[in-house]
Amino acid sequence: MINVLVNGALGRMGSEVVKAVFQAEGLELVGGVDPCGAGKKLVLPDGTEGSLFTDLTQALDQARPDVVVDFTRPAVVMDSLRIILGKGVRAVVGTTGFTDERLAEVKNLAEENHTAALIAPNFALGAVVMVKLAAEAAKYFRDVEIIEKHHDQKLDAPSGTAILTAQKIAEVRAAHKQGHPDEKETLAGSRGGDFQGIRIHSIRLPGYVASQEVVFGSQGETLKIINDPVNRECYMPGVILGCRKILERQGLVYGLDQILD
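Bear in mind that the values here come from a model prediction, so they are computed numbers and not experimental data. (Residues numbered from 1 in each chain as written. Predicted model: local features only at pLDDT ≥ 70, side-chain atom pairs only at ≥ 80, totals over all residues. Heavy atoms only, no water.)

### Structural notes on the side chain of Ser80
For step 1, the next point in the chain: Tracing the sequence through the fold places Ser80 in helix H3 (residues 77-86).
For step 2, the next point in the chain: On the basis of relative accessible area, Ser80 is assigned to the buried category, the value being 9%.
For step 3, the next point in the chain: Side-chain polar atoms of Ser80 contact the side chain of Asn7, separated by 3.3 Å.
For step 4, the next point in the chain: Once residues lying within four places of it in the same chain are set aside, the contact partners of Ser80 are Asn7, Leu56 and Asp70. (Helix = DSSP H or I, 4+ residues; strand = E, 2+ residues; numbered from the N terminus. Buried < 20%, exposed > 50% of the residue type's maximum accessible area, 1.4 Å probe, protein only. Polar contact = N/O pair within 3.5 Å; in protein donor to acceptor, adjacent residues only side chain to side chain. Contact = heavy atoms within 4.5 Å.)

Printed below as a string of structure tokens:
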């Protein structure tokens, strides 16, 4: 049995993770953590009440998890990982906002404490396939732009999935400036962010979950690869898989594709 603690348990994603872990075979939900949890309850799918902590260190000491699933916020995730990995506990992280410097720190923390961390920009299996298909298409289509669409409560832009997609495309495509060489923005930011010549556009509106469209253009045709989740349940198979697979790993594992068979 794998004991799992959920950090950010009362949030939108955290609540889904609590339900998924509780129902998953071979996993045991040992509690949830939320700094805003004072006076609140962690209600489980069967109507019973789970252990809810407001302090992560206390939760780790009392619940003694094998894995912590973290769906918190970019502003606090590094502090949480320093505590989790510092105690030799494995982490499965869906929080975004990781820079190269942050990833390097997580890698060092995991290695120094003989543990592991899975950081996945996107846990949807469809998103993993989308990134793989985009990297394959980029071998044949040089011009590409990425449009990612999230709910209006997402704090970071562009999304981690958009950045990962651009990184994978850049590995197989030489960087070059797209569009007319003399184009000018009459409104700053109109052409989106620029990652090695790949334009990334972020949409933030109520009603979206986390959609992405990768658009390739060539002479006389376009190719679109779209991942369009309809609810947060789509992430749960990837999260559960991460909880199982991370026990076999050491160090930093970046991307769900790294643990898929």
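### Regarding empty space enclosed by the protein
For step 1, the next point in the chain: This model, assessed by the stated rule, comprises one cavity of 30 Å³ or more.
For step 2, the next point in the chain: Forming the boundary of the largest cavity are Asn122, Met130, Glu148, His150, Ser159, Thr161, Ala210, Ser211, Gln212 and Asn227.
For step 3, the next point in the chain: Of all the elements in the fold, those that place two or more residues in the lining of the largest cavity are strand S9 (143-150) and strand S12 (210-218).
For step 4, the next point in the chain: A per-element tally of the lining of the largest cavity places S12 first, with three residues.
For step 5, the next point in the chain: Residue classes in the lining of the largest cavity are distributed as two nonpolar, seven polar and one charged. (1 Å grid on protein atoms, 1.4 Å probe; cavity = no way out; pocket = protein on both sides within 12 Å on 5 of 7 lines; lining within 4 Å. Points joined across faces, edges and corners; volume = space filled by probe spheres on them. Nonpolar A, V, L, I, M, F, W, Y, C, P; charged D, E, K, R; others polar.)

### Remarks on helix H7 (residues 236-245)
Three or four residues apart is the spacing at which side chains of an α-helix point the same way, because the helix has 3.6 residues per turn.
For step 1, the next point in the chain: Most of H7 is tucked away: seven of the 10 residues are buried.
For step 2, the next point in the chain: Of the residues making up H7, those classed as buried are Met236, Gly238, Val239, Ile240, Gly242, Cys243 and Lys245.
For step 3, the next point in the chain: Turning to H7, the residues buried within the fold contact strand S1 (2-7), helix H1 (12-23), strand S2 (27-33), strand S6 (67-70), strand S7 (90-93) and strand S8 (116-119).

### Side note on the sheet that holds strand S11 (residues 198-204)
Hydrogen bonds along the backbone pair up the strands of a sheet, which may run parallel or antiparallel.
For step 1, the next point in the chain: Ordered by their spatial adjacency, five strands build an open sheet running S10-S11-S9-S12-S13, and the pairing between neighbours is mixed. Of all strands in the sheet, those with a lone pairing partner are strand S10 (193-195) and strand S13 (221-227), marking the two edges. Strand-to-strand twist in this sheet, taken as the mean axis angle between neighbours without regard to direction, amounts to 20°.
For step 2, the next point in the chain: Strand direction decides the pairing type here: S10 and S11, joined by three bridges, are antiparallel. Its bridge partner lying in S11, Asp194 is registered against Arg199.
For step 3, the next point in the chain: The strands that helix H5 (residues 125-137) touches are S12 and S13; relative to S13, the one it contacts most, it runs at about 155°.
For step 4, the next point in the chain: Helix H6 (residues 160-172) contacts S9, S10, S11 and S12 of the sheet and is inclined by roughly 30° relative to S12. (Pairing = 2+ DSSP bridges. Axes fitted to C-alpha atoms, helices over the stretch in contact; angles between N-to-C directions.)

### Some words on the pattern of salt bridges
For step 1, the next point in the chain: Counted according to the given criterion, the structure contains 13 salt bridges.
For step 2, the next point in the chain: Across the pair Lys87 and Asp61 runs a salt bridge, and its minimum N-O distance is 3.0 Å. With Lys87 in the loop between H3 and S7 and Asp61 in helix H2 (residues 56-63), the pair connects residues that are 26 residues apart, well separated along the chain.
For step 3, the next point in the chain: On the basis of relative accessible area, Lys87 is assigned to the partly exposed category, the value being 40%. (Salt bridge = Lys/Arg side-chain N within 4 Å of Asp/Glu carboxyl O.)

### Comments concerning the nonpolar core
For step 1, the next point in the chain: Counting 52 residues, the largest nonpolar core has Phe123, Val214 and Phe216 as the members making the most contacts within it.
For step 2, the next point in the chain: Ranked by residues supplied to this core, first place goes to H5 with six residues.
For step 3, the next point in the chain: With near-sequence residues (within four places) excluded, Phe216 lies in contact with Ala134, Ala137, Ala138, Phe141, Asp143, Val144, Ile169, Glu221, Thr222, Leu223 and Ile225.
For step 4, the next point in the chain: Counting residues in each nonpolar core, the second largest holds 24 residues, with Leu56, Val77, Leu85 and Leu103 among its members. (Core = buried A, V, L, I, M, F, W, Y, C linked by side-chain atoms within 4.5 Å.)

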